[in-house]
Amino acid sequence: MIRRRSTLLLLVAILLGGCATVKPYEKERLADPIMAFDAEAEEDARELHWIEAREGSTGGAGGAGGGCACN
Amino acid sequence: MQLIRASLLAGLVSAVIVVPAHAALFDLPLQEQNDAYVFQFFSDVDDIRVTTHQNRYDVTLENDFALSLGLAHQTVVIPAVDAPPGSEDAVDAITTASRPIRDIGDAYEEYARTRKEVQFDLSRPGLGLGYYFSSEEDYLAQMVRAQWDRDFANENFNLSFGASYGWDAIDPLEDADGSDAADHRNTAYANVVATQVLTPSTVLRVGYERFWVGGLQHNPYRNVYVAGGNEIELHPDARTRQDVYLRLNQYLPLRASLKLEAKAYSDDWGVTSTTLGARLSQYVGESIVVRYRYRFYDQSSADFYSDDYTTPGGIDGFRTADYRLSAFDAHLFGTRIHWSLESILGDGGTWSGLALQLGYERYFNSNNFSANILEAGVSLGF
């Protein structure tokens, strides 16, 4: 089930990549710190540490990275 | 123990030396530096208190190399318990490894343990490498990681691949009724993450992660009650875990943003979970950001979990007293204030990059567990 969902989601993301029309000068809002994915990476890592000791699942903190595509 | 101390010292010294040495060797002048300190205090319904001091130093070099050194020191204090050694109430802590009960005599005394952590990362656009080291009295964890990513479609689409490998040495303390045999745990990890700009105000991230875990995965100090007697906890020594997550960030009018997240998780022990979350950030003036947050979590139980085992064989040969493998749901509420002092201290001075943050979160679940998490931090960019 998870594999199907992830394949579907990745396909959607890849397909969406082909129709992006946002120009660099239109990305001012995306570059705002309150929009950054990685702004809370340290906080998420701290949370993952204590929450893994309280819940049976893991992951979701972004893993090894991923660009913000908003520079 | 000597080995742990020596490794920790070596990691610290090498990290401190490597940053300036690397810069000097390759003639890479420092561009930007940032140092951030965070203090976190965690206390739960059982009065377990966890104090964490964390410091992270980041430096960017002229040719886009970036170096990062993270240090953390954590103390867990578990209060005296009114329960017999080895019982369900006498164990469990915030760290995965839990409270050892050496004998009847000290079962009711406050128990404290510390954890020290070092992280070192080297990256440049599109590539990152890292090393992680963590040591406790009975647990030594190390991990190496690598990440690659690339922009496409005029930087509107980013694809990232990450992998890590961790190896843990577990050396349980002497315990009156648990198992104190040395053991290990290895974890291989891989992910793929796609990030897509949808509009000038919307960006979407989708990720898939997979973990392969082998080795000791139960708590060597914890016992399971079976038909009126005690048996040592026993989990399978292999676990494959995977999750897919989606994050959507939307910029809102009046300088605010809404971040939505969803995650679906499953593993071959039979645990499945769903996580949903939202974070709303709002500027107050030019320098203060207030953030509100909610997170919902729901999971099913593992195939071999039971509240009442009738035979020592448990279910399929395994038995557990770990409530993390039971079915439950959880909620988390929180707020956080981030205050950048640049507007007060001026632009360009030594302290111009000073920022303060303060946060509070409340966590509770359907197993009657609740916790308060308080965070205070200061960061300085120069």
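Keep in mind that what you see is a predicted model, and the values were worked out from it rather than measured. (Residues numbered from 1 in each chain as written. Chains lettered and ligands numbered in written order. Predicted model: local features only at pLDDT ≥ 70, side-chain atom pairs only at ≥ 80, totals over all residues.)

1. Focus: the overall build of chain B
Rule in force here: Each helix is a run of H or I in the DSSP string that is no shorter than four residues. Each strand is a run of E no shorter than two, and both are numbered from the N terminus. With C-beta atoms placed from the backbone, a residue is buried if 20 or more other C-beta atoms are within 10 Å of its own, exposed if 12 or fewer are, and partly exposed between those counts. In this description, a residue-residue contact is defined by the distance between C-beta atoms placed from the backbone, which must lie within 7 Å.
Looking only at helices and strands, chain B features two helices and 18 strands. Sorting the 382 residues of chain B into buried and exposed places 35% on the buried side. In chain B, the share of contacts with a sequence separation of at least 24, taken over all contacts with a separation of at least 6, comes to 57%.

2. Here we look at the overall build of chain A
When helices and strands are tallied, chain A shows two helices and zero strands. Per-residue burial for chain A yields a buried fraction of 42% across its 71 residues.

3. Quick notes on the nonpolar core
Stated formally: Nonpolar core, as used here: buried Ala, Val, Leu, Ile, Met, Phe, Trp, Tyr and Cys residues forming one set through C-beta atoms within 7 Å.
Counting 14 residues, the largest nonpolar core has W50 of chain A together with F42, V50, A330, Y363, A371 and I373 of chain B as its most contacted members. Elements with a contribution of two residues or more to this core: helix 2 (41-52) of chain A together with strand 3 (66-78), strand 16 (328-340) and strand 18 (370-381) of chain B. A per-element tally of this core places strand 16 of chain B first, with three residues. If you look at the next biggest cluster of nonpolar residues, it comprises 13 residues, including V22 of chain A together with V193, V203 and Y251 of chain B.

4. A short note on the environment of L345 of chain B
Residue and element names in this part refer to chain B. Along the chain, the position of L345 falls in helix 2 (residues 342-345). When the 14 C-beta atoms within 10 Å are taken as the criterion, L345 is described as partly exposed. When near neighbours in sequence (up to four residues on either side) are disregarded, L345 contacts W351, S352 and L354.

5. Observations concerning the pairing of strand 12 (residues 238-252) of chain B
Residue and element names in this part refer to chain B. This is how the line gets drawn: Think of it this way: DSSP has to see at least two bridges between two strands before they count as a pair.
Pairing of strand 9 (residues 202-215) with strand 12, which is carried by 13 bridges, proceeds in the antiparallel orientation. Across the sheet, R210 pairs through a bridge with Q242, a residue of strand 12. Two elements, strand 12 and strand 13 (residues 256-267), share 12 bridges in a ladder whose sense is antiparallel. Its bridge partner lying in strand 13, L252 is registered against A256. From the end of strand 12 to the start of strand 13, which pair antiparallel, there are three residues, and L254 there has a positive phi angle of about 65°.

6. Quick word on helix 2 of chain A
Basically, it comes down to this: Each helix should span, by expectation, one fewer than its residue count multiplied by 1.5 Å.
Over its 12 residues, helix 2 of chain A runs 16 Å from end to end, which matches the ideal 16 Å to within 8%, given 1.5 Å per residue. Listed as buried for helix 2 of chain A are R46, E47, H49, W50 and I51 of chain A.

7. Details of the pairing of strand 11 (residues 229-232) of chain B
All names here are of chain B. Here strand 10 (residues 223-226) runs beside strand 11; their pairing, made up of four bridges, is antiparallel. Within strand 11, the residue paired with N223 across the bridge is I232. Connecting strand 10 to the antiparallel partner strand 11 that follows it, the hairpin turn spans two residues, and A227 within it adopts a positive phi of roughly 45°.

8. A few points about the confidence of the model for chain B
Residue and element names in this part refer to chain B. What counts here: On a range of 0 to 100, pLDDT expresses the predictor's confidence in each residue.
Chain-level pLDDT for chain B is 84 on average; 82% of the residues reach the 70-or-more range. Below pLDDT 50 for its whole length, residues 91-98 participates in 29 contacts with residues either more than four positions away or in separate chains. Scoring of the predicted complex yields 0.84 for pTM and 0.80 for ipTM.

9. Re unusual backbone geometry
Residues and elements named next belong to chain B. With a phi close to 75°, D64 is a non-glycine residue in the positive phi region. Structurally, the position occupied by D64 is in the loop between strand 2 (49-61) and strand 3. What makes D64 exposed here is the crowd of 12 C-beta atoms within 10 Å. Phi at A153 takes a positive value of approximately 50°, unusual for a residue other than glycine. Position of A153 among the secondary structure elements: in the loop between strand 6 (139-152) and strand 7 (157-170). Among the residues examined, A153 registers 17 C-beta atoms within 10 Å and is labelled partly exposed.

10. Section: the environment of Y208 of chain B
Residue and element names in this part refer to chain B. Structurally, the position occupied by Y208 is in strand 9. For Y208, a count of 22 C-beta atoms within 10 Å translates into the label buried. For Y208 and E361, which are 153 residues apart along the polypeptide, the C-alpha to C-alpha distance reads 27 Å.

11. What about the confidence of the model for chain A?
Summary statistics for chain A give a mean pLDDT of 73 and a share of 58% for residues scoring 70 or more. In the model, residues 63-71 of chain A has pLDDT below 50 throughout and makes 46 contacts with residues more than four positions away in sequence or in other chains.

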